[in-house]
Amino acid sequence: MVTSQQVELLAPLSGVLIALEQVPDPVFSSRLMGDGLCIDPTSQVLCAPLAGVISNLQKTGHALSITSANGVQVLLHIGLDTVNLGGRGFTALVEEGQQVVAGQALIEFDADAIAQQARSLLTLMLVVSGERFTPWSHACDLVDCGQPLLRLEVEQPQVVVQEATLQGEALFSVAIALPNRNGLHARPATVFAQAAKGFAAMIELHKQERRANAKSLVAILTLQTTYADVVQISASGEDAEQAIGVLSELLLAGCGEAPTLLAQPAPSSMGEPVAAPTPIDGTLLRGVCASSGAVYGHVVQIAEQPLDYPQAGAGEAFEKAQLQGALLAADKALDTLGREFSQGPQAHIFSAHRELLQDPSLLDYASALMASGHSAAYAWMHAIEANEYLFRQGGNAFLAERAQDLADVGLRVLKLILRIEDAIQTLPDNAILIADQLNPSQTAGLDTTKVLGFVTVGGGATSHVAILARALGLPALCGLPQHVLNLANGTPVLLDAQQGILHVRPSEAAVEALTRQREQLHVRQACDVAQAAQPAQTRDGRHIDVSANIASMDDAERGMAMGADGVGLLRSEFLYLGRSHAPDHDEQVATYRAIARTVGAEYNLVVRTLDVGGDKPLPYVPMESEANPFLGMRGIRLCLQRPELLREQFSTILASHELTRLHIMLPMVTELSELRLARQLLEEQAQRLGIQRLPKLGIMIEVPAAALMADVFAPEVDFFSIGTNDLTQYTLAMDRDHPRLASQADSFHPAVLRLIATTVNAAHAHGKWVGVCGALASESLAVPVLVGLGVDELSVSVPLIATIKAQVRELEFSTCQTLAQQVLALDSAAQVRATLQNSQLAYSCVLEN
Ligand code: PEP
Ligand code: MG
């Protein structure tokens, strides 16, 4: 039986009442996030409108939710776009999970400071749990903090049933209190939606009066659930009963998330000063290399102008046809792009975008708006922007990246509705594009006969845009200062991505030097490729294996054709990056066997086990959100926590043991016990498959602890491979993708080189070989020092194999040894670089990788 109760909401602030539809932000005025009201504040302390528990307290302190004992959830949001202030001007007076009483002070804010920097101070109070309400009558629009404002009719939750019940056509689960500390946020919602997609039944998730399509991540997030929210699943269709059973259990188990873990909001980016200077001639602007290479060209600023579109539609049928046509055209275009980029890790980007085009909650939302008289453009963009906002507010870096995908897809469809050509398609020759941010679609669509490279203020070295730039062979820099956007179109610039530099109006001499270097480089590269099959042996007879870093079958083929001495690193986590479900056993076996056959019986194939976590989430390996993912459940830690994952991978890799010299490598090893446990699992799998001769087992040296204890690991491994990318970030305590630390997070730092030396010495003392598979091995400048330190193998990116082999053939091992000892004693990365440059042993400073 349903009973109802009244709940009163007090004014959280003093100020002037504003109707929600007058709020100049569609996310709020559309009531997508819930109905409520807005106050233009005259006081500076936000107080609780009702008693309850605090949740969704943003790290930036500008918003939080309160959930009352009878399930009413109220979102309080101070100002518009105040998330961009990064917390400046806000002081939270309460904590996540804290019980508060009505009228208690929650957030103190500096109205003057915020008003100067943010769009508006308008403060929202929204009933996100969806109860209907009636306003208390007011004499005027002025309210005082603590004054009763809204009266809610709260229907008591349905009696918790003990088993699934049939209600009409649909079967309903028991009521389930969510065990997730932050409700169904990005990760658990992804897990849940993916699991729901596995059933044919129509499935919905209910929270009080609101419901969401359970197969839509977007829809689940829109429910804004929090800890202990009571939800129900309904399903109708042939496998409804099974769906209810499986999905109920999944919800109760936390959807892959431990019940007590707190999700941490990602750091929000702080805005740059607005009045930044225009860079002057000769200025060097620094950024992070997203795709290496050096080019000289002219600035073309790419600024997306906001597009105008009518709000009113010309009839529901007409507008729906417009949207349908645009969605079909977008799908076709994305399908074409997907085929063009079908090889390698970038392939998944466009399939993910295609999936968004079919997202039921986006489409339902847009349909409803068109049915109420709005245009297709308005309805579509409304649906996109509202959901994009939710993604960005979620405080989850991975989801924030998906918000960029959502915006990208939104714009693609909008332009098709409005029949607008993409600005980037009409470009002058020798263009170096400058943008605040390029999106993946724009990047993939670049005309490489005209565009020489690009630089962006936003983005990161591991973003989709960076991956695409490398696939297109376009030099690219990201993380440049904001004032790069002030450069006039046509300004000559020299983009040296490898050095992380954009040189504004470079001198003639600098341009000539670059041109000369590029010409020489092309000639040498052609010559190196012609001799790629020759071994990499120094003049005084030391042999170095130069092998390939690969992430796909295509890389394996190209690498072996380039003269690789086998594969030194197969990044197995990249093989199936675009999938929402794990590939089945047979498919994995087939992939490893195909790669092993390509490498052949003469050479090593080093397969690294899944290195998931950190900056590499894998959709079908759901994980808890972490405050510091690089320091969390990553690599071997994650695999040992879920041994079934490792067992399955070992058994699929082992199927190729007779086709090649199979090596298995464990990432992120820190403890000897991790190695021992993994070896035990490997031996069990080999025994199960009747394999007598175990493959070689080695570890990556990426954590300083492993390097420092290499003498302890050495007797128990067959080889080491040094991951200088991670070893550098962990040694120097600098995020490898941090745009502001890029120039300091340098693998040439003597501390990193000393750890390499320690590793090599320990390995050789026990007769084991050592490779380097991090990006340092692909740097010409580093090759002499790595050879001099005694490294046995350099595993490099595919296009560089022939070049690095040629460089080794020109080196004198004894000279390299002397040089290596010399740089180990230096103070800084800069000194090491200078010494190596002076040694003239680098093949060329502008090698492209
Ligand atoms: C490394 O860390 O150097 C490495 C090779 O691993 P990844 O770049 O895949 O983390
Ligand atoms: Mg690594």
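Calculation criteria
- Residue positions are given per chain, counted from 1 along the sequence in the order it is written.
- Chains and ligands are labelled by the order in which they are written, letters from A for the one and numbers from 1 for the other.
- Local features in a predicted model are, by the rule used here, given only for residues with pLDDT of at least 70; side-chain atom pairs are given and counted only at 80 or more, and totals for whole chains, interfaces and linings are based on all residues.
- As a rule here, side-chain values cover all heavy atoms of the structure and leave hydrogens and water aside.
- Helix and strand definitions here come from DSSP, where helices need a minimum of 4 consecutive H or I residues and strands a minimum of 2 consecutive E residues; each element is numbered from the N-terminal end.
- With a 1.4 Å probe rolled over the protein chains alone, any residue whose accessible area is under 20% of its type maximum counts as buried; one over 50% counts as exposed, and the rest are partly exposed.
- Contacts are assigned to residue pairs that have any heavy atoms within 4.5 Å of one another.
- One heavy atom within 4 Å of a molecule or strand is enough for the residue carrying it to be called near that molecule or strand.
- Here a polar contact means two N or O atoms within 3.5 Å. Within protein one must be a hydrogen donor candidate and the other an acceptor candidate, and residues neighboring in sequence count only if both atoms are side-chain atoms.
- All accessible-area figures derive from a Shrake-Rupley calculation using a 1.4 Å probe, and residue coverage is judged against the displayed protein chains alone.
- Amino acids outside the nonpolar list (Ala, Val, Leu, Ile, Met, Phe, Trp, Tyr, Cys, Pro) and the charged list (Asp, Glu, Lys, Arg) are all regarded as polar, and Gly is one of them.
- Any N, O or S atom lying within 2.8 Å of the metal counts as a donor, with the limit raised to 3.2 Å for Na, K and Ca; because water is left out of the atom set, some sites can appear incomplete.
- Paired strands are those between which DSSP finds at least two bridges.
- Simply put, an axis is a line fit to the C-alpha atoms, just over the touching stretch for a helix, and the angle between two N-to-C directions goes from 0 to 180 degrees.
- Working rule for angles: under 35 degrees goes down as roughly parallel, over 145 as roughly antiparallel, 65 to 115 as roughly perpendicular, anything else as oblique.
- For any pair of crossing helices, the crossing counts as left-handed if the nearer helix is rotated counterclockwise from the farther one by less than a right angle, and right-handed if it is rotated clockwise.
- Like charges are joined within 9 Å and nonpolar side chains (Val, Leu, Ile, Met, Phe, Trp, Tyr) within 5 Å, but only among residues with over 30% relative accessible area and no salt bridge; these make up the patches.
- In the sections that follow, a salt bridge refers to a side-chain nitrogen of Lys or Arg positioned within 4 Å of a carboxyl oxygen of Asp or Glu.

1. Remarks on the overall build of the chain
- For the chain, the helix and strand inventory stands at 26 helices and 36 strands.
- Put simply, the chain has 849 residues, and 55% of those count as buried.
- Taking as baseline every contact in the chain between residues at least 6 positions apart, the subset at least 24 positions apart corresponds to 71%.

2. What to know about the site of ligand 1
- Lining the immediate surroundings of ligand 1 are 15 residues, of which R571, R608, G723, N725 and R736 lie closest.
- R608 places a side-chain nitrogen or oxygen 2.8 Å from an oxygen atom of ligand 1.
- For ligand 1, an oxygen atom lies 3.4 Å from a polar atom in the backbone of G723.
- Protein burial of ligand 1: of its 290 Å² of free accessible surface, 99% is covered by the chains.
- Of all the secondary-structure elements, those providing two or more residues to the shell around ligand 1 are strand 30 (567-571) and helix 21 (724-732).
- Sorting elements by how many residues they give to the shell around ligand 1 places helix 21 first, with 3 residues.
- Along the lines of polarity and charge, the residues of the shell around ligand 1 split into 3 nonpolar, 4 polar and 8 charged.

3. With respect to the environment of A590
- Summarising the element assignment, A590 is placed in helix 15 (residues 585-599).
- For A590 and S656, which are 66 residues apart along the polypeptide, the C-alpha to C-alpha distance reads 8.8 Å.

4. What about the coordination of the magnesium ion (ligand 2)?
- Protein ligation of the magnesium ion (ligand 2) involves E702 (OE) and D726 (OD), the donor distances falling in the range 1.9 to 2.0 Å. Taken together, the residues E702 in the loop between strand 33 (696-701) and helix 19 (704-708) and D726 in helix 21 connect sequence positions 24 residues apart.
- Its relative accessible area of 2% is what places D726 among the buried residues.

5. Thoughts on the sheet that holds strand 34 (residues 719-722)
- Spatially, the 8 strands close up into a barrel ordered 29-30-31-32-33-34-35-36, and their pairing is parallel. Averaged over all adjacent pairs, the angle separating strand axes in this sheet is 25°, with direction ignored.
- Of the strands in this sheet, strand 29 (545-550), strand 30 and strand 31 (604-608) are in contact with helix 15, which crosses strand 31 at around 150°.

6. Focus: the packing of helix 25 (residues 813-824) against helix 26 (residues 829-839)
- At their nearest, the axes of helix 25 and helix 26 sit 10 Å apart, and the two run at 155° to each other. On the basis of their axis angle, the class for helix 25 and helix 26 is roughly antiparallel. Pair helix 25 / helix 26 crosses with right-handed handedness. Along its contact with helix 25, which presents L819, Q822 and V823, the element helix 26 presents V832, T835, L836 and S839.
- Here the contact of helix 25 with helix 26 is built from residues that sort into 4 nonpolar, 3 polar and no charged.

7. So, a nonpolar patch on the surface
- Taken together, the side chains of L708, M709 and V712 define a hydrophobic patch exposed on the protein surface, amounting to about 260 Å² of accessible area.
- Among the secondary structure elements, V712 is positioned in helix 20 (residues 710-713).
- V712 sits in the partly exposed class, given a relative accessible area of 33%.

8. Some words on the pairing of strand 3 (residues 35-41)
- Counted residue by residue, strand 3 has 5 buried out of 7 residues, so it is predominantly covered.
- Where strand 2 (residues 15-18) meets strand 3, 4 bridges bridge the pair, whose relative direction is antiparallel. The residue of strand 3 that forms the bridge with I18 is C38.
- Taken together, the 5 bridges between strand 3 and strand 11 (residues 120-127) define a ladder with antiparallel strand orientation. Within strand 11, the residue paired with G36 across the bridge is L126.

9. Regarding the pattern of salt bridges
- Applying the stated criterion to the full structure yields 17 salt bridges.
- Note that D792 is salt-bridged to R542, the shortest N-O span being 3.1 Å. Of this pair, D792 sits in the loop between helix 23 (783-788) and strand 36 (793-797) while R542 is found in the loop between helix 13 (508-530) and strand 29, placing the two residues 250 residues apart along the sequence.
- A salt bridge links R558 to D555; its shortest N-O distance comes to 3.0 Å. Highlighted residues: R558 and D555, both in helix 14 (residues 553-561), separated by 3 residues, approximately one helical turn.
- Linked through salt bridges whose partners overlap, the residues forming this network are E573, R608, D611, R634 and D726.

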